[in-house]
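A look at the structure
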Amino acid sequence: MSAAGPVAPGEVALRCTDLHRYLGRDEGRVHVLKGVSFEARRGQVYAIVGPSGCGKSTLLYLLGLLDQPDGGQIEINGRVMSNTDDAARTAARGEHIGFVFQFHFLMLEFSALENVMMPMRKLGRLAPAEMEARARHLLDAVGLGAKTHRLGTQLSGGEQQRVAIARALANQPTILLADEPTGNLDVKNSGLVFDLITRLAKEQGQAVILVTHNPEIAQRCDHTRPMRDGLFVG
Amino acid sequence: MISPNLRIAYRFLTAKKRAMFMSLSCTVLGVGLFIVTQATTSGFEDIFTRTLLGINGAIRIEDRLQDTMRSMAAAGASDFYFAQREGVKYIEGVEEPQRIIDALRDFANVRGVSAVLRGSIQITSSFKTEDAQMFGIRLEDHLRVSDLGQQITAGKLEDFRNANSGALVGRVLADRLQLAVGDSVVIAARGESRRFVVSAIFETGYREVDKTNIYLHLPEVRSLLRKPSGATYLQINLHDAERAPADAARMEAVLRHGAKPWQEREKSWLEVFRALRVSTGITVTVFTLIASLAMFNTLAMIVLEKTKDIAILRSMGYERRDITRIFLWQAGIVLAIGAVVGALFGAGVTWLVGQVPLSISGIFKSDRFMVIYDWRHYAAAIGTAVIMVMVASLIPARRAARLEPGDIVRGTAQ
Ligand SMILES: Nc1ncnc2c1ncn2[C@@H]1O[C@H](COP(=O)(O)OP(=O)(O)OP(=O)(O)O)[C@@H](O)[C@H]1O
Ligand SMILES: [Mg+2]
């Protein structure tokens, strides 16, 4: 996997400077992000915390190249991505970024295994048998080895969330962005998932950025960035 | 390996079985009924064509072109010659049939030639008198350029062959005169009259012919008409009747006589059949139109329902064109099933229709619904469905591809 090649941990995987984002139209237009700057290094786990509505998800969408900023710049592994075209951003998403959404995690008509294999099939780097082996391995790691063939609809919210984490890790991205990845999990499973994420970050040199409301989780991260009203504080 | 897009398409589709079923069943109906209409209209066209080829042959040569044109035509190519056609003068009949018959040996596609001498007559039976047309033929020659041998419904061709004063009388005419095989008739032409014996009765199915035609031996007609040489026309049969127009054009240029291919001779009827085929084809395309509207509707619905999935796919690196393809594949799957089932349905109904007893006569004779199986009908039916459904699917597919993942996850996608 070239993306997770032998890079010295500590190298900057993601950098954003002075990000601005407005949402809504006309009178409803809101200045949601007011000049956010941030840097994430490989092998490190970052927690973004803050009250509901302060702009955490909005920031994560921008960092995940799912949305475009109204001002500022985003660099992924040294390449400026904020002003590139859709094709380049799409390719970068597939190769470098794993994303876990806050809501709606899975494609519900597909089994857990198929969900995890979905990004691998698009990237096409592995043979089908290798894809399946890797997907099983990842599902094992999130504690769902016994439910690989369950459809999304047959999994609980927490289980779905764990499948989504396994899927985000499928292509061994250099950057993992997760919006409340442990929000639906009990203490045992949130610990399990968090341990998995941090272990991978250390082993594979991934930069992990997660949004969380759980102070315990936030504390165990390498860095915590509190956010308020569209800006990092403190 | 199955493309990931096709997999996703299949899964989206099976989640919306009922909506797809409408589109699928209309595709099946559209494809199937298109095939049936083409099979029946072509079936009737086919039997009509075969009937007329069986009566009149593929090409008829008559009317010598006037000599003054000879030098001009000889100098130029045949194109030039045709350009001059308006001004060409014709002299009725073929004066030296044998010379033309010899020249026709050079035409590889010619299967047989029959010199025919025609005249108007009155035929009288013990019951009454009718106007008719007599055709003087050499039987062996004429059997090679027509289906006369298969058209005999009473009596024997053998008896005609062996009797100098034998006559072959059309079915309708025989009925009108209340003639049976073995009866004698008097045929009068130009004041001359002579007694003939009905050797056999024929039926072509083409009423005009069965009502007026009488075949006699050529020498008898010559002496009745006092015409010791020449022919009214030469009837030609070809190995490949489809090539008749080209052959006729060449004959006209080489032989200096007017040569008419059957396609030109029967133009008005053939155009009726073509119009019928096109109009019935268009009518049943309504089903295909409904299929494409239903497909549009279903896909638009799936796009709305699956926006979140589209966002997930896009977040995983699936490109805009992947999204387009996922939706086009759904149409493709429905089309593939619709084409196969529709073709089988079409073939099945065609077969059933072919079993329907139906007595037709007038321009041809048939005792059941005529159908033919032609792969081109199937190709046209499927091609129409593919084009219409695909065009209708492009709109929702492209709309899905245009969705921005950021707008979708925030719930502000339109
Ligand atoms: N389409 C929109 N138009 C206007 N304002 C919007 C729109 N979408 C979101 N917002 C506002 O943007 C702000 C940031 O939203 P965001 O989803 O990033 O918050 P968050 O920090 O993730 O909150 P939570 O912890 O509840 O998930 C909120 O105040 C929200 O009201
Ligand atoms: Mg949020």
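In this text the structure is predicted, and so the values were computed from the model without any measurement.

Here we take up the overall build of chain B. The secondary structure content of chain B amounts to 18 helices and 13 strands. Over its C-alpha trace chain B gives a radius of gyration of 32 Å, far above what one expects of a compact globule, namely 22 Å for 414 residues. When the backbone C-alpha atoms are referred to their principal axes, chain B occupies close to 105 × 55 × 35 Å. Expressed as a percentage of the 414 residues in chain B, the buried residues total 50%. Taking contacts inside chain B between residues at least 6 apart in sequence as the whole, the part at least 24 apart equals 79%.

Residues and elements named next belong to chain A. Judged by pairing direction, the sheet is antiparallel, and its four strands sit side by side in the order β2-β1-β4-β5 without closing on themselves. Two strands close off the open sheet at either side, each with one partner strand: β2 (30-41) and β5 (79-80). Where strand β1 (residues 12-23) lies against β2, nine bridges are found, and the strand directions are antiparallel. The residue of β2 that forms the bridge with L14 is A40.

So, about the sheet that holds strand β8 (residues 207-211) of chain A. All names here are of chain A. On the basis of which strands lie adjacent, the open sheet formed by six strands has the order β6-β7-β8-β3-β9-β10 and mixed pairing. Whereas interior strands pair on both sides, the edge strands pair on one side only; in this sheet they are β6 (97-100) and β10 (231-232). As paired strands, strand β3 (residues 45-49) and strand β9 (residues 223-228) are joined by four bridges and run parallel to one another. Opposite I48, over in β9, you have R225 as the bridge partner. Of the strands in this sheet, β6 and β7 (175-179) are in contact with helix α2 (residues 86-96), which crosses β6 at around 85 degrees.

Between its terminal C-alpha atoms helix α5 (residues 157-168) of chain A stretches 16 Å, which fits the 16 Å expected from 12 residues at 1.5 Å a residue. Within α5(A), 11 of the 12 residues are buried, leaving the element largely enclosed by the surrounding structure. For α5(A), the set of buried residues is G158(A), E159(A), Q160(A), Q161(A), R162(A), V163(A), A164(A), I165(A), A166(A), R167(A) and A168(A). For α5(A), the elements touching its buried residues are β6, α3 (112-123), α4 (128-141), β7 and α6 (187-204) of chain A together with α15 (307-315) of chain B.

Around ligand 1, 16 residues are found, and the nearest of them are S52(A), G53(A), K56(A), S57(A) and T58(A). The environment of ligand 1 is shared, with nearby residues belonging to chains A and B. A distance of 2.7 Å is found between an oxygen atom of ligand 1 and a side-chain nitrogen or oxygen belonging to K56(A). Within the side chain of Q102(A), a nitrogen or oxygen atom sits 3.0 Å from an oxygen atom of ligand 1. In the complex, 68% of the free accessible area of ligand 1, which totals 640 Å², lies under the protein chains. Elements represented by at least two residues in the shell around ligand 1 include exactly β2 and α1 (56-63) of chain A. Top contributing element to the shell around ligand 1 by residue count: α1(A), with three residues.

To continue, consider the coordination of the magnesium ion (ligand 2). All names here are of chain A. Bound to the magnesium ion (ligand 2) on the protein side are S57 (OG) and Q102 (OE1), at distances that span 1.9 to 2.3 Å. Note that S57 is positioned in helix α1 and Q102 in the loop between β6 and α3, a separation of 45 residues in sequence. Look at S57 and you get buried, because its relative accessible area is 18%.

Before going further, it helps to examine the environment of K306(B). Looking at where K306(B) falls in the secondary structure, it is placed in the loop between α14 (267-305) and α15. Assessed through its relative accessible area of 9%, K306(B) is described here as buried. Remark: the alpha-carbon pair of K306(B) and S292(B), spanning 14 residues in sequence, is separated by 20 Å. Not counting the four nearest positions on each side in its chain, K306(B) is found in contact with E109(A) and F12(B).

A separate point is the packing of helix α16 (residues 320-355) of chain B against helix α17 (residues 375-402) of chain B. Residue and element names in this part refer to chain B. With their axes 8 Å apart at the nearest point, α16 and α17 run at an angle of 155 degrees to one another. In terms of orientation, α16 lies roughly antiparallel with respect to α17. As for the relative orientation of α16 and α17, their crossing is right-handed in sense. Residues R320, I323, T324, F327, L328, A331, G332, L335, A339, A343 and A347 of α16 pack against Y378, I382, A385, V386, V389, M390, S393, L394, A397, A400, A401 and R402 of α17. For the contact of α16 with α17, the class distribution of residues is 18 nonpolar, three polar and two charged.

The next thing to look at is unusual backbone geometry. Notably, Q172(A) is not glycine yet its phi reads approximately 45 degrees, a positive angle. With respect to the element layout, Q172(A) can be found in the loop between α5 and β7. A relative accessible area of 14% means that Q172(A) is categorised as buried. With a phi angle near 50 degrees, R226(B) is a residue other than glycine that sits in the positive phi range. In this fold, R226(B) is placed in the loop between α11 (218-225) and β10 (233-238).

Below, the discussion takes up the domain arrangement of chain B. Residues and elements named next belong to chain B. By the assigned domains, chain B splits into domain 1 (4-52 + 269-410) and domain 2 (58-65 + 87-265). Contacts between domain 1 and domain 2 engage 11 residues on the former and nine residues on the latter. Note on domain 1 versus domain 2: buried area summed over both sides is about 730 Å², and carbon and sulfur give 60% of it. Where domain 1 touches domain 2, the interface holds zero salt bridges. Looking at the side of domain 1 that touches domain 2, the elements with two or more residues in it are α2 (17-56) and α14. Tallying contributions element by element places α2 first for the side of domain 1 that touches domain 2, with four residues.

Attention now moves to the interface of chain B and chain A. Taken together, the 26 residues of chain B in the interface contact 25 residues of chain A. Each partner contributes to the roughly 2500 Å² buried at the junction of chain B and chain A, and carbon and sulfur atoms together form 60% of this total. When the buried area of chain B at its contact with chain A is split by residue, R11(B), M316(B) and R410(B) rank highest and sum to 25% of it. Across the contact surface, chain B and chain A share seven salt bridges. Between R314(B) and D86(A) there is a salt bridge, with the nearest N and O atoms lying 2.9 Å from each other.

Together, I337(B), V340(B), V341(B) and L344(B) make up an exposed nonpolar region whose accessible area comes to about 360 Å². Of note, L344(B) is situated in helix α16.

Along an α-helix, residues three or four positions apart point the same way, because every turn accommodates 3.6 residues. All names here are of chain A. With 14 residues, α4 extends 20 Å between its outermost C-alpha atoms, agreeing within 8% with the 20 Å of an ideal straight helix rising 1.5 Å per residue. Taken residue by residue, α4 has M131, R134, A135, L138 and L139 as its buried positions. Mapping the buried residues of α4 onto a view down its axis gives an arc of 135 degrees, with all of them on the same face. Those residues of α4 that are exposed and aimed more than 90 degrees away from the buried face are A129, H137 and D140. Tucked inside the fold, the buried residues of α4 contact α3 and α5. Trailing α4 by a residue or two, G143 shows a phi angle of about 85 degrees, which is positive.

The rules behind each value
Residues numbered from 1 in each chain as written. Chains lettered and ligands numbered in written order. Predicted model: local features only at pLDDT ≥ 70, side-chain atom pairs only at ≥ 80, totals over all residues. Heavy atoms only, no water. Helix = DSSP H or I, 4+ residues; strand = E, 2+ residues; numbered from the N terminus. Rg over C-alpha atoms; globule rule 2.2 N^0.38 Å. Buried < 20%, exposed > 50% of the residue type's maximum accessible area, 1.4 Å probe, protein only. Contact = heavy atoms within 4.5 Å. Pairing = 2+ DSSP bridges. Axes fitted to C-alpha atoms, helices over the stretch in contact; angles between N-to-C directions. Expected span 1.5 Å × (residues − 1). Near = heavy atom within 4 Å. Polar contact = N/O pair within 3.5 Å; in protein donor to acceptor, adjacent residues only side chain to side chain. Areas by Shrake-Rupley, 256 points an atom, 1.4 Å probe, with all protein chains shown as cover. Donors = N, O, S within 2.8 Å, 3.2 Å for Na, K, Ca; no water. Parallel < 35°, antiparallel > 145°, perpendicular 65-115°, else oblique. Left-handed = near helix turned anticlockwise from the far one by under 90°. Nonpolar A, V, L, I, M, F, W, Y, C, P; charged D, E, K, R; others polar. Domains from an automatic or database assignment. Buried area = accessible area lost by both parts, 1.4 Å probe. Salt bridge = Lys/Arg side-chain N within 4 Å of Asp/Glu carboxyl O. Patch = residues over 30% accessible without salt bridge, like charges linked within 9 Å, V, L, I, M, F, W, Y side chains within 5 Å. Arc of directions from axis to C-beta.

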